[in-house]
Amino acid sequence: MTENHETGTAAEHAGSGQTEQGSPHVSHEDVQPEAPAAGAGSADDVMSAASARIKELEAQLAEEHDKWVRSEAEMQNLRARTKRELDDARQYAVQKFARDVVEAAENLRRGLASLPKPAENEDGMITKMREGIESTERSFLSILERHGVISHDPSGQAFDANHHQAMAEQPSEEHAHGTVIQAWTPTWTLHGRLLKPAMVVVAKNEGGQAQ
């Protein structure tokens, strides 16, 4: 009987030992709370930083685009101004020469004015001389016009200090005050720009109006 008791006790101890080996006991102190995933708390910060950087880059892009637009506008203005200056240089580079040339045209006109007025019984030599000078003058003026040099007769127009040079005043009741009643020389222009003002005689009318 004593052996059976000892045998049972040994079996109980063996079963108890097997249980401890197969399923080890875990205490509450060994269980730790689960830690948050690494980086989960900084996701919002990353997105915020990325949004701020995108806005910064967009602002820089807008600024650079604005600079480019202004630069392009300035370049267009520069090209237009340069082209205009070159065109002016081409057109008006001969201004001094053209002013000297119109002196020759005015001399032709003075030569015609110095001849006697046409008459039926005038000398044939004078007639041929007049016709030759008139032909030369027409040809000369035509050449000048092709190169932008044009004459304007101001007779009968109101005096314009920008295009006329008053050489004298002459009392006149037939013309309004300030009217050009005689032009000693025409107004000359080069491509629309004043080349040489006309030398004129201006009417002086105390009443101010033509009678």
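First, a word on scope: everything that follows refers to the structure included in this document. (Residues numbered from 1 in each chain as written. Predicted model: local features only at pLDDT ≥ 70, side-chain atom pairs only at ≥ 80, totals over all residues. Heavy atoms only, no water.)

So, about the pattern of salt bridges. Per the stated rule, a full pass over the model turns up 12 salt bridges. Measuring nitrogen to oxygen at the nearest pair gives 3.7 Å for the salt bridge that ties K67 to E63. Within this pair, K67 and its partner E63 are both found in helix 2 (residues 43-92), separated by four residues, close to a single helical turn. Take E63: its relative accessible area is 45%, and that puts it in the partly exposed class. In this structure, K196 and E106 form a salt bridge, with 3.0 Å as the shortest nitrogen-oxygen distance. In this pair, K196 sits in strand 5 (residues 193-196) while E106 sits in helix 3 (residues 95-114), placing the two residues 90 residues apart along the sequence. K196 gets classed as buried once you look at its relative accessible area, which sits at 14%. Owing to a relative accessible area of 3%, E106 belongs among the buried residues under this scheme. Here the residues in one salt-bridge network are E103, E106, R110 and K196, joined through shared partners. (Salt bridge = Lys/Arg side-chain N within 4 Å of Asp/Glu carboxyl O. Helix = DSSP H or I, 4+ residues; strand = E, 2+ residues; numbered from the N terminus. Buried < 20%, exposed > 50% of the residue type's maximum accessible area, 1.4 Å probe, protein only.)

This brings us to the sheet that holds strand 6 (residues 198-204). If you trace the three strands from one edge of the open sheet to the other, you get 2-6-3, paired in mixed fashion. Where the open sheet ends on each side, the last strands, each with one partner, are strand 2 (164-171) and strand 3 (180-183). Averaged over neighbouring strand pairs, the angle between their axes works out to 30° when direction is ignored. With seven bridges joining them, strand 2 and strand 6 adopt parallel strand pairing. Bridge pairing links A166 to V200 in strand 6. (Pairing = 2+ DSSP bridges. Axes fitted to C-alpha atoms, helices over the stretch in contact; angles between N-to-C directions.)

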